[in-house]
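Inside the fold
Residues per chain, in single letters:
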Amino acid sequence: MSATAAARVDDARSPSPDTRPSRLRGIDLARTVAIVGMVGAHLNVRYVDDPWGDLGWVVTGRSSALFAVLAGLSIALVSGRSTPLTGEPLRAARISLTVRAVLIYLLGLALGTMESGIAVILPAYGAMFLLAVPFVHLRARTLLAWAVGWSLLAPWAGAPLREWVDDPSSSIHSLPDHGGWMATTENLVLTGYYPIVFWFGYFLAGMFIGRLDLTRAATARALTLGGIAVGTAAWLLSRVVTAQPSVRQRMLDTWHGDPVADFHALDLQARHGLHGQAPADWVWQFTMYPHGGQVPWSGVAASFGSWGWWFRR
């Protein structure tokens, strides 16, 4: 066989990178789950007396967190997938992402003017898309380090900062607030339903996942089994910690919502959502109440699990 013929055979046997499927069905399924969850979260399903057996408890806050992870994943997909873009394509991707961020933010502001009673996530999405622009050139390992660091440190740093901002005697309230820009910024960054200080960790985790080779069956198995394992572990950790009488008493002592008679009443009230207003005390970082700005323990554990898998490849 001639060298030319052998080369043709080798080319035929070696699949081109362009032959990879353009759509990833697992991501489409995750988006479907997130949409169904968001619909369920806004159906005003009444919470039953069992704090762990209600559909509203399952979907509230969690479907929006899944959306945030998927948003970060989408950013990674359009900026090179497992191989980040460089040069002019990277510059074009950053410009496109910036324009998209501004449009999403403005659309969110417009929807927020409607008195629907629904918390609009789009302004926070737009801000986080813009915040993601400096990260689009990073590879998986660097994104993983950022995701873990942000998820661990931001809630601990943000909680006392939120308390300081909410304090009427804080010096920040002496600044001019023409047009309500300060209140809008506080809500977007620290005190709203989706404060970006706490939620951007989900974006970074999604970007890390998007930098993996999602066409490999091994990656799918690792993400599926790892997600189930660490999600269960995080739930058990929260249950064990918050079951301690001393922890429950500390939660009662630091609770600043409507007056409650006991922990059961506090629990029933808190699982409707803390709306970015969880107390700054450390015990609240081990709770799993919706919109609480806590450390996303399951996400951190998943990142560490994926880190170990990454180096076993």
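Remember, predicted model here, so these are calculated numbers, not experimental data. (Residues numbered from 1 in each chain as written. Predicted model: local features only at pLDDT ≥ 70, side-chain atom pairs only at ≥ 80, totals over all residues. Heavy atoms only, no water.)

Here we look at a nonpolar patch on the surface
- Among the surface-exposed residues, I35, V39 and L43 lie close enough to one another that they form a single nonpolar patch of about 290 Å² accessible area.
- Position of V39 among the secondary structure elements: in helix α2 (residues 25–41). (Patch = residues over 30% accessible without salt bridge, like charges linked within 9 Å, V, L, I, M, F, W, Y side chains within 5 Å. Areas by Shrake-Rupley, 256 points an atom, 1.4 Å probe, with all protein chains shown as cover. Salt bridge = Lys/Arg side-chain N within 4 Å of Asp/Glu carboxyl O. Helix = DSSP H or I, 4+ residues; strand = E, 2+ residues; numbered from the N terminus.)

Some points on the packing of helix α5 (residues 87–112) against helix α6 (residues 122–132)
- For the pair α5 and α6, interaxial distance at closest approach is 7 Å and the crossing angle is 165 degrees. Classed by the angle they form, the pair α5 and α6 counts as roughly antiparallel. Two packed elements cross with a definite hand, and for α5 against α6 that hand is left-handed. For the pair formed by α5 and α6, the contact residues are L97, T98, R100, A101, I104, Y105, L107, G108, L109 and L111 on the first element and L122, P123, Y125, G126, F129, L130 and A132 on the second. (Axes fitted to C-alpha atoms, helices over the stretch in contact; angles between N-to-C directions. Parallel < 35°, antiparallel > 145°, perpendicular 65-115°, else oblique. Left-handed = near helix turned anticlockwise from the far one by under 90°. Contact = heavy atoms within 4.5 Å.)

Digging into the UniProt feature "transmembrane region" (unreviewed entry) in the protein chain
- Following the UniProt record, one finds the feature "transmembrane region" (unreviewed entry) at residues 29–47, 59–80, 92–111, 117–136, 192–210 and 222–241.
- For residues 92–111, helix accounts for 100% and strand for 0%, while the C-alpha atoms at its two ends are 29 Å apart.
- Annotation note: span residues 222–241, helix share 100%, strand share 0%, distance between end C-alpha atoms 28 Å. (UniProt positions renumbered as here; feature names shortened; annotations may be inferred.)

Observations regarding the environment of F208
- As for its placement among the helices and strands, F208 is situated in helix α9 (residues 196–210).
- Using a relative accessible area of 2% as the deciding quantity, one classes F208 as buried.
- Taking the C-alpha atoms as reference points, F208 and R81, 127 residues apart in sequence, are found 9.8 Å from one another. (Buried < 20%, exposed > 50% of the residue type's maximum accessible area, 1.4 Å probe, protein only.)

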